[in-house]
Amino acid sequence: KSAKPEFPQALMKAKYHKYPALLKALNKRADIYNEQRLFCQKLEKKKKELSDGEKAIAEATGKLTSSKKELAYKKASAEKEFAAKREELSSQKTAAEQAVAYYTAIGDSEKAEYYTAVLSQINAGLETLTQTETETNKQFAAAEIEIAKNEKTLAGKQAEITAGKAEINIAALAGNIM
């Protein structure tokens, strides 16, 4: 609205000269309207920004949930794979130990030495498997920590949005009271 009063000043002064507060209000009516309109536009803009932020958070939360599921699947698969390999090497170790004991008992030192070397290789394989499993578990733990950090960040952003919405509601209520 135009800041210029809508009514002729002389007429208003003649009619409402006993009510100076009313004259002042009528003269400032356009200014008040414009201020409230600007105030509402700012609230609408902030509301849109918060809504966009919520959409982004929902999308990021969905991606995090997918990442968590994928990580859990990979971790379970790796654990099964390590358990199967450990079982295989353990049964080979048992067989090699039995062969060493048997060939030592019958006095065939050549075969006993061969199976002792095989047993050494199996033990080295078990040690390598343990190291690989430990390193893999560290990588999974690091990924889980990163996901937890991202979840915490998203929760903080969601709290900011919730606070922003509360501010908008309070401001809108205060604006209605004015």
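Coordinates for the structure precede this section.
This one's a predicted model, so the numbers in the text were calculated from it and none came from an experiment.

The rules we used
- Here, residues in each chain are numbered from 1, in the same order as that chain's written sequence.
- This being a predicted model, a pLDDT of at least 70 is required before a residue's local features are given, and a value of 80 or more before pairs of side-chain atoms are given or counted; all residues contribute to the totals for chains, interfaces and linings.
- Calculated side-chain values reflect all of the structure's heavy atoms, with hydrogen atoms and water omitted.
- In this analysis, rings of Phe, Tyr and Trp, with Trp reduced to its six-membered ring, are considered paired at centre separations within 6.5 Å, and the interplanar angle assigns stacked below 30 degrees, edge-to-face beyond 60, and tilted for intermediate values.
- Note on conventions: DSSP H or I runs of at least 4 residues are helices, E runs of at least 2 residues are strands, and numbering of each starts at the N terminus.
- With a 1.4 Å probe rolled over the protein chains alone, any residue whose accessible area is under 20% of its type maximum counts as buried; one over 50% counts as exposed, and the rest are partly exposed.
- Helix axes are fitted to C-alpha atoms over the stretch in contact, other axes to C-alpha atoms as well, and angles between N-to-C directions run from 0 to 180 degrees.
- With respect to orientation, any angle under 35 degrees is reported as roughly parallel, any angle over 145 as roughly antiparallel, any angle of 65 to 115 as roughly perpendicular, and every other angle as oblique.
- Two helices that cross are described as forming a left-handed crossing if the nearer one is turned anticlockwise from the farther one by less than a right angle, and a right-handed crossing if clockwise.
- Note on definitions: a residue-residue contact is assigned when non-hydrogen atoms from the two residues lie within 4.5 Å.
- Only Asp, Glu, Lys and Arg are considered charged in this grouping, and only Ala, Val, Leu, Ile, Met, Phe, Trp, Tyr, Cys and Pro are considered nonpolar; every other residue, Gly among them, is considered polar.
- Each reported salt bridge corresponds to a side-chain nitrogen of Lys or Arg within 4 Å of a carboxyl oxygen of Asp or Glu.

Undergrad: Hey, could you run me through the packing of aromatic side chains in this one?
TA: We describe a pair of aromatic rings using the distance from one ring centre to the other and the angle between the two ring planes. Summed over the entire model, instances satisfying the criterion amount to 3 aromatic pairs. Ring centres 5.7 Å apart and planes at 5 degrees place the aromatic pair tyrosine 103 and tyrosine 115 in the stacked group. Of this pair, tyrosine 103 sits in helix 2 (residues 20-105) while tyrosine 115 sits in helix 3 (residues 109-177), placing them 12 residues apart in sequence. Of the residues examined, tyrosine 103 reaches a relative accessible area of 17% and is grouped as buried. Taking 5.0 Å as the distance between ring centres and 80 degrees as the angle between the ring planes, the aromatic pair formed by tyrosine 114 and tyrosine 115 counts as edge-to-face. Of the residues examined, tyrosine 114 reaches a relative accessible area of 52% and is grouped as exposed. Among the aromatic residues, those joined into a ring-pair cluster are Tyr102, Tyr103, Tyr114 and Tyr115.

Undergrad: How do you make sense of the packing of helix 1 (residues 9-16) against helix 2 when you look at a structure like this?
TA: Between two packed helices, what matters for the description is the angle formed by their axes and the separation of those axes. At a minimum axis separation of 9 Å, helix 1 and helix 2 run at an interaxial angle of 155 degrees. One element, helix 1, and the other, helix 2, form an angle in the roughly antiparallel class. The crossing of helix 1 and helix 2 is right-handed. Note on element contacts: helix 2 touches helix 1 through Pro20, Leu22, Leu23, Leu26 and Asn27, opposite Gln9, Met12, Lys13 and Tyr16. When grouped by side-chain class, the residues that make up the contact of helix 1 with helix 2 number 6 nonpolar, 2 polar and 1 charged.

Undergrad: Whenever I open this one, the pattern of salt bridges confuses me. Can you help?
TA: When the charged atoms of two side chains lie near each other, side chains of opposite charge can form a pair. With the rule as written, the count across this model stands at 9 salt bridges. The salt bridge involving lysine 48 is made with aspartate 52; its shortest N-O contact spans 3.1 Å. Of this pair, lysine 48 and aspartate 52 both sit in helix 2, 4 residues apart, which is roughly one turn of the helix. Close ionic contact of glutamate 59 with lysine 63 constitutes a salt bridge, the shortest N to O distance being 3.6 Å. Of this pair, glutamate 59 and lysine 63 both sit in helix 2, separated by 4 residues, roughly a single helical turn.

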